[in-house]
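# Coordinate inspection notes
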Amino acid sequence: MNFKAKLILSAMGVCALPLAYAQTGDFEDFGRVVRVQPRIEQVRTPRQECRTDYVQAQVPQQRSQAGTVIGGIAGALLGSQVGHGNGKVAAAAAGAIAGGMVGDNVDNNGRDYGPQVQEQAVQRCRTVDSVQERTNGYDVTYDYRGHTYTTVMNRDPGNRVRLRVSVEPDQYQ
């Protein structure tokens with residue numbers, strides 16, 4: 001088949017499409033919108049809500065170790081000056097112990113080592129629901145040739161709704 005014949009057949013097919021469509025009994029028309037009611041959906045989203053509170057807490061007081069260390073060193077030096085040979089080592093050890101006890105007593109004497117009260121920040125959180133509303137479609141009531149119909153649509157159609165009408169003959173039995 002040559003190109004010209006193919007072109008003529010194609011043109012005839014395209015021209016016949018509207019006739020075939022008209023034969024099916026489908027056509028478009030418009031209905032008058034009577035009422036549009038949005039479908040509202042509530043969506044709950046959990047979120048954290050936090051606040052900071054200040055509370056009184058007991059904190060143990062620590063003793064100072066500086067006096068013990070300095071007294072131990074001074075006592076060891078003084079003890080090593082006394083005695084000869086192995087007695088010198090024993091005197092240094094005894095001087096370190098005695099010097100540590102005296103240094104600790106001098107450094108920490110008169111301090112209150114009971115628990116101290118201190119203010120501390122405490123964060124308290126709780127989960128609350130945040131409720132948001134959103135439109136989840138529209139219930140549309142419309143009139144078409146004296147009959148009322150209701151359908152659900154994705155958007156508000158306005159004053160009129162486009163309809164696809166299909167006509168079929170009743171099958172007689």
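Basis of the calculations
Residues numbered from 1 in each chain as written. Predicted model: local features only at pLDDT ≥ 70, side-chain atom pairs only at ≥ 80, totals over all residues. Heavy atoms only, no water. UniProt positions renumbered as here; feature names shortened; annotations may be inferred. Salt bridge = Lys/Arg side-chain N within 4 Å of Asp/Glu carboxyl O. Helix = DSSP H or I, 4+ residues; strand = E, 2+ residues; numbered from the N terminus. Pairing = 2+ DSSP bridges. Axes fitted to C-alpha atoms, helices over the stretch in contact; angles between N-to-C directions.

The name an unreviewed UniProt entry assigns to the protein chain is Glycine zipper 2TM domain-containing protein, from the organism Massilia pinisoli. Word for word, the UniProt comment on the protein chain under Subcellular location (unreviewed entry) is "Membrane".

### Digging into the pattern of salt bridges
Opposite charge on two side chains allows them to pair when their charged atoms are near. On inspection of all chains with the given rule, the structure shows 7 salt bridges. With its nearest N and O atoms 2.9 Å apart, the salt bridge here joins Arg-126 to Glu-49. Of this pair, Arg-126 sits in strand β2 (residues 116-144) while Glu-49 sits in strand β1 (residues 26-59), placing them 77 residues apart in sequence. We note a salt bridge from Asp-53 to Arg-124, for which the minimum N-O separation is 2.8 Å. With a gap of 71 residues between them, Asp-53 in strand β1 and Arg-124 in strand β2 connect regions that are remote in the sequence. A cluster of three or more residues bridged by salt bridges with shared partners is formed by Arg-47, Glu-49 and Arg-126.

### Describing the sheet that holds strand β4 (residues 160-166)
Sheets are built from strands paired through backbone hydrogen bonds, the pairs being either parallel or antiparallel. Here we have 4 strands laid out as an open sheet, ordered β3-β2-β1-β4, and antiparallel in their pairing. In this open sheet, the two strands that pair with only one neighbour each are β3 (147-153) and β4. Here the strands of the sheet are splayed against their neighbours by 30° on average, with no regard to which way each runs. Direction of pairing for β2 relative to β3: antiparallel, over a ladder of 7 bridges. In the strand pairing of β3, Asp-139 is matched with Val-152.

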